[in-house]
Amino acid sequence: MDSLISTKESNGNFTTKSAYFVARTCHGLGGEESTGSTPNEDKKFMWKALWRAKVPGKVKLCVWRGCMNAIPSMVNLKTRRVILEDICGFCHKEAETVEHALLQCPRSAAIWFGSPLGIHTFQGIEDGFSGWLINMAKQVSSESFELLLVLVWSVWKVRNDVLWNEIVCSPMDVHLKAQTWLAEFKKWNVAKAPAVLVREVNWKHPDFGWIKCNFDAAWEENSACGGCGVVIRNATGGFMAALVSREKGIGLAMHAEAAAAKTAAMFLQQWSEAKVHLDGDALLVVAAIQNKGSALHGHLGNLFQDTRRLLQRFEHWRVSFGPRESNRVAHRLARWSLMLNHPISWFEEPPDVINDLLIEDSLQI
Ligand SMILES: [Zn+2]
């Protein structure tokens, strides 16, 4: 869709860089830059916060367009004579301005309030979307501001998904997905990647007649929380079930991995007749479960023994080590679990947040 203000690179692409250039130019258009007036200072501060934020470029672009009243809300489309009615397609009560679409519509407000930021977006919109963003940039930490930016993008995307593609997503799914996406983006883009060639190793389908259960753990040192992600697939790579859960009082990464293995083995008990293949990327944990006369004692040793006993209930079972690249679905679920208060499981229909990886794995891309 076109924007009201569009600036293109010579190759026709609308990029963050060109958006930045326009943002700067627009800012200068008022000719007030040198007066140092407070609203102007505020705007400068907000633009800086926006362009410095560690979020994907398309998020910055979307937020920037929101600030410039340049996203195609119903009101903007009506102004451009694209449509005749500007009423909101969700609440059917108010004209859909940019502010209404991104913040005030009950659909959007539910996402904002339910998010970790817990923002009431019914109030504080007197100065429009950009005024609201300025206030937020001044109030919240840079991490929260980054999540806020991703949420703006998510709210707009979900609005379009429902309106044009009839894809519905619950408010909780929206903000959990936003958090996971942001965490993934930071992991791969913000931390410096080592300059070595990484050999891609794909997830492998289980043998015919077997089901494969991938598990992974995440660990948060500060809160001593361990997260667990489990995904079960059949021999054609089809999704069967997934589980995420979080446990407190986990003081070691290894402990989180051991607990995740046990959780996976417990989850598997529902398929008591199946031939089960447990697969994880924690070499020591896998070795400890495989090793009958485990040399490990204490709490960890017990966890490994419990896991082994749970697996021994199956007539056919195996446990193997797979490299990280083959364990991406479980890894993402584990990261996600750290943001949850309750365990969640899915059967037959996977959560949105892993759909892309499931497809890639089943096609072995
Ligand atoms: Zn509405």
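Up top you'll find the structure we're talking about.
Note that the coordinates shown come from a computational prediction; the quantities given were computed from them, not determined experimentally. (Residues numbered from 1 in each chain as written. Predicted model: local features only at pLDDT ≥ 70, side-chain atom pairs only at ≥ 80, totals over all residues.)

**Quick word on unusual backbone geometry**
The condition that has to hold: Only runs of H or I of at least four residues qualify as helices and only runs of E of at least two qualify as strands under DSSP, and these elements are numbered from the N terminus.
Within the chain, A224 stands out as a residue other than glycine whose phi angle is a positive 50°. Within the secondary structure, A224 is located in the loop between β1 (210–220) and β2 (225–233). Its identity as a non-glycine residue notwithstanding, E348 has a phi of 70°, on the positive side. Tracing the sequence through the fold places E348 in the loop between β6 (344–347) and α14 (355–363).

**Side note on the nonpolar core**
What counts is decided by this rule: Defined on buried residues, the nonpolar core groups Ala, Val, Leu, Ile, Met, Phe, Trp, Tyr and Cys residues joined through C-beta atoms within 7 Å. Three exposure classes are used, based on other C-beta atoms lying within 10 Å of a residue's own C-beta, which is placed from the backbone: buried for 20 or more, exposed for 12 or fewer, and partly exposed in between. A pair of residues counts as a contact when their C-beta atoms, built from backbone coordinates, are within 7 Å of each other.
C213, F215, V230, A260, A264 and L333 are the most contacted members of the largest nonpolar core, which has 47 residues in total. Here this core gets nine residues from one element, more than from any other, and that element is helix α10 (residues 253–268). Leaving out residues up to four positions away in the same chain, V230 has contacts with C213, F215, A242, L243, T263, A264, F267, A330 and L333.

**Focus on the packing of helix α3 (residues 57–67) against helix α8 (residues 142–165)**
Keep this limit in mind: Note on method: axes are straight lines fitted to C-alpha atoms, helices fitted across the in-contact stretch only, with angles between N-to-C directions ranging 0 to 180 degrees. Any angle from 65 to 115 degrees is called roughly perpendicular, while one under 35 is roughly parallel, one over 145 is roughly antiparallel, and all others are oblique. Amino acids are sorted into nonpolar (Ala, Val, Leu, Ile, Met, Phe, Trp, Tyr, Cys and Pro), charged (Asp, Glu, Lys and Arg) and polar (every other residue, Gly among them).
Contact geometry for α3 and α8: axes closest at 9 Å, N-to-C directions at 75°. Compared by their axis directions, α3 and α8 come out roughly perpendicular. Where α3 abuts α8, its residues K58, V59, C62, V63 and G66 lie against L149, V150, V152, W153 and W156. Among the residues forming the contact of α3 with α8, the class breakdown is eight nonpolar, one polar and one charged.

**Some thoughts on the environment of C213**
Mapped onto the secondary structure, C213 falls in strand β1. With 67 residues separating them along the chain, C213 and G280 place their C-alpha atoms 8.5 Å apart. Residues within four places of C213 in sequence aside, it is in contact with V230, I232, A264, L268, V276, H277, L278 and D279.

**Concerning the sheet that holds strand β4 (residues 275–280)**
To keep things clear, this is the line we draw: For two strands to count as paired, DSSP must find a minimum of two bridges between them.
Read across the open sheet, the six strands follow the order β5-β4-β1-β2-β3-β6; overall the sheet is mixed. Unpaired on one side and paired on the other, β5 (317–321) and β6 mark the two borders of the sheet. Between one strand and the next, the sheet's axes are offset by a mean angle of 15°, whatever the strand orientation. Two strands pair when backbone bridges link them, and β2 and strand β3 (residues 239–248) are joined in this way by nine bridges, in the antiparallel orientation. Within β3, the position partnered with V230 by the bridge is L243.

By themselves these figures say nothing about function.
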